[in-house]
Amino acid sequence: MDVSIILIYGLLLFSVISIWVRLKLFNKIPLWMFLLASSFVLAIIFEKASFISLGYTLLFGLSVYYFYQTKNIWLFFVVLALSIPLFIHLPILGFNNYRYLHNITLTASSTPYSLYFNLDKTLVGVCIIGFSFDYKKIELRPILKLLAINLVLMILVFFVLAITLGYSKFDPKLPYFTPAWILANLFFTCMAEEALFRKLLQQRIADFSKGKYTAAISISVASALFGLVHYKGGVVYIISAALAGIFYGYMYHKSKRIEGAILLHFTFNLTHFLLFTYPALK
């Protein structure tokens, strides 16, 4: 791996982690923001991002910041609209995400798999969580209890369904790139997806609407849209992702912490990755 890649994505990784560190440089600049900016500057220098990327990112970041300052409903829609091109890696934005693996097969029965480290998608999550982070003490015990219960239920439901539909099968493995996969999936993919669909979308729907079924509606809408963004995987994958989103949304709703949803998302993905056909059967 090139030194420039290690620097860019190493700083990006530390930017994500430092969201949970209540530290400001010169008593003004959050550490996560400084590290994210440093990663971005290096990305431009080493041609992994462009000045168009920079302009769009500044617009996105300012929109997220002012949304959490004002909670204005129109700014919510602006943030949501600006997130989509970053999430789907729209080429015109000028990001050149690093491809770590390309079309490899993990086992004889699996479809080809590629692994990317995505700057564009990750910065969505960093900005949303960073500008809205709650530094209240995290109660780990109830979160871990919820995590264990939901993870067991997800494994039972999804892999019985996947095996029945011929989408996956029990296929244990320990690929050589597992550490890289863990870093990318936990700190970039799961963090970004849960930030957008739970921290922003589900939470705002719950805040903007009041009533007996507010939780059910907010979880369902966020989960349905979460399923739709996985359209490249086909109909079965869309449905599976939407169902998974219900579990992640419930975890977020009950724990009141984004960490709970991120951990459930990651541990379920890790179970799939290590114990079942990944990403799917041929």
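Residues numbered from 1 in each chain as written. Predicted model: local features only at pLDDT ≥ 70, side-chain atom pairs only at ≥ 80, totals over all residues. Heavy atoms only, no water.

Observations concerning the environment of Phe 188
At step 1: Structurally, Phe 188 can be placed in helix α7 (residues 178–208).
At step 2: In this structure Phe 188 comes out as buried when scored by relative accessible area, which is 5%.
At step 3: The sequence separation of Phe 188 and Asn 269 amounts to 81 residues, and the corresponding C-alpha distance is 13 Å.
At step 4: Apart from residues no more than four positions distant in its own chain, Phe 188 is found in contact with Tyr 9, Leu 12, Leu 13, Val 16, Phe 117, Thr 122 and Leu 183. (Helix = DSSP H or I, 4+ residues; strand = E, 2+ residues; numbered from the N terminus. Buried < 20%, exposed > 50% of the residue type's maximum accessible area, 1.4 Å probe, protein only. Contact = heavy atoms within 4.5 Å.)

What to know about the packing of aromatic side chains
At step 1: Overall, the coordinates contain 35 aromatic pairs when judged by the stated rule.
At step 2: Aromatic pair Phe 76 and Phe 208: ring centres 5.8 Å apart, planes at 80 degrees, arrangement edge-to-face. Of this pair, Phe 76 sits in helix α4 (residues 73–87) while Phe 208 sits in helix α7, placing them 132 residues apart in sequence.
At step 3: What links up through ring pairs into an aromatic cluster is the set Tyr 113, Tyr 176, Phe 177, Trp 181, Phe 266, Phe 273 and Tyr 278.
At step 4: Lying over the aromatic face of Phe 226, Arg 198 brings its terminal NZ or CZ to 4.9 Å of the ring centre. (Phe/Tyr/Trp six-rings, centres within 6.5 Å; stacked < 30°, edge-to-face > 60°. Lys NZ or Arg CZ within 6 Å of the ring centre and 35° of its normal.)

A word on the side chain of Ser 18
At step 1: Secondary-structure assignment places Ser 18 in helix α1 (residues 3–18).
At step 2: Setting aside residues up to four positions removed in sequence, Ser 18 forms contacts with Leu 31, Trp 32 and Leu 35.

Section: the nonpolar core
At step 1: In this structure, Tyr 9, Phe 60 and Trp 181 are the most contacted members of the largest nonpolar core, which totals 83 residues.
At step 2: Sorting elements by how many residues they give to this core places α7 first, with 14 residues.
At step 3: If we ignore the near neighbours within four places in the chain, the residues touching Phe 60 are Val 79, Leu 82, Ser 83, Leu 86, Leu 123, Val 124 and Cys 127. (Core = buried A, V, L, I, M, F, W, Y, C linked by side-chain atoms within 4.5 Å.)

Some points on the pattern of salt bridges
At step 1: Using the criterion set out here, one finds four salt bridges in the structure.
At step 2: For Glu 194, the salt bridge identified is with Arg 198, shortest N-O distance 2.8 Å. Remark: Arg 198 and Glu 194 occur in helix α7; sequence separation between them is four residues, near one turn of the helix.
At step 3: We note a salt bridge from Arg 204 to Asp 207, for which the minimum N-O separation is 2.7 Å. (Salt bridge = Lys/Arg side-chain N within 4 Å of Asp/Glu carboxyl O.)

What to know about helix α6 (residues 140–164)
At step 1: With 25 residues, α6 should reach 36 Å at 1.5 Å per residue; the first-to-last C-alpha distance of 35 Å fits that figure.
At step 2: Turning to α6, its buried residues are Ile 143, Leu 146, Leu 147, Asn 150, Leu 151, Met 154, Phe 158, Phe 159 and Ala 162.
At step 3: In the core, the buried residues of α6 are packed alongside α9 (235–255) and α10 (258–275).
At step 4: Just downstream of α6, Gly 166 is the residue with a positive phi angle, here 75 degrees. (Expected span 1.5 Å × (residues − 1).)

Description of unusual backbone geometry
At step 1: Of note, the amide linkage connecting Tyr 278 to Pro 279 takes the cis form, showing an omega dihedral of -5 degrees.
At step 2: Turning to its location among the elements, Pro 279 is positioned in the segment after α10.
At step 3: Although it is not a glycine, His 89 adopts a positive phi angle of roughly 55 degrees.
At step 4: Assignment of secondary structure puts His 89 in the loop between α4 and β3 (98–104).

Some remarks on the pairing of strand β4 (residues 113–117)
At step 1: Of the two faces of β4, the one holding Tyr 113, Leu 115 and Phe 117 is buried and the one holding Ser 114 and Tyr 116 is not buried anywhere.
At step 2: When β3 meets β4, the two strands line up antiparallel, connected through four bridges. Note that in β4 the partner of Leu 101 across the bridge is Leu 115. (Pairing = 2+ DSSP bridges.)

Quick word on helix α5 (residues 119–132)
At step 1: Relative to the 20 Å expected for 14 residues at 1.5 Å per residue, α5 spans 20 Å between its end C-alpha atoms, a close match to the ideal helical length.
At step 2: Along α5, 13 of the 14 residues are buried, which leaves the element largely enclosed by surrounding structure.

Side note on the packing of α7 against α10
Angle between the axes and distance between the axes are the two parameters that describe a pair of packed helices.
At step 1: Running from N to C, α7 and α10 cross one another at 135 degrees; their axes reach a closest spacing of 9 Å. The orientation of α7 relative to α10 falls into the category oblique. For the pair α7 and α10, the crossing hand works out as right-handed. Residues Thr 178, Trp 181, Ile 182, Asn 185, Leu 186, Cys 190, Met 191, Glu 193, Glu 194, Ala 195, Arg 198 and Lys 199 of α7 form the contact with α10, whose participating residues are Ile 258, Ala 261, Ile 262, His 265, Phe 266, Asn 269, Leu 270, Phe 273 and Leu 274.
At step 2: Residues that form the contact of α7 with α10 fall into these classes: 13 nonpolar, four polar and four charged. (Axes fitted to C-alpha atoms, helices over the stretch in contact; angles between N-to-C directions. Parallel < 35°, antiparallel > 145°, perpendicular 65-115°, else oblique. Left-handed = near helix turned anticlockwise from the far one by under 90°. Nonpolar A, V, L, I, M, F, W, Y, C, P; charged D, E, K, R; others polar.)

Overview of the packing of helix α8 (residues 214–228) against α9
At step 1: Close contact between α8 and α9 brings their axes to 7 Å; oriented N to C, the two are set at 140 degrees. The interaxial crossing formed by α8 with α9 has right-handed handedness. Every residue of α9 that contacts α8 at Ala 215, Ile 219, Ser 223, Ala 224, Phe 226, Gly 227 and Leu 228 is listed here: Ile 238, Ala 241, Ala 242, Gly 245, Ile 246, Tyr 248, Gly 249, Tyr 250 and His 253.
At step 2: Residue classes in the contact of α8 with α9 are distributed as 11 nonpolar, five polar and no charged.

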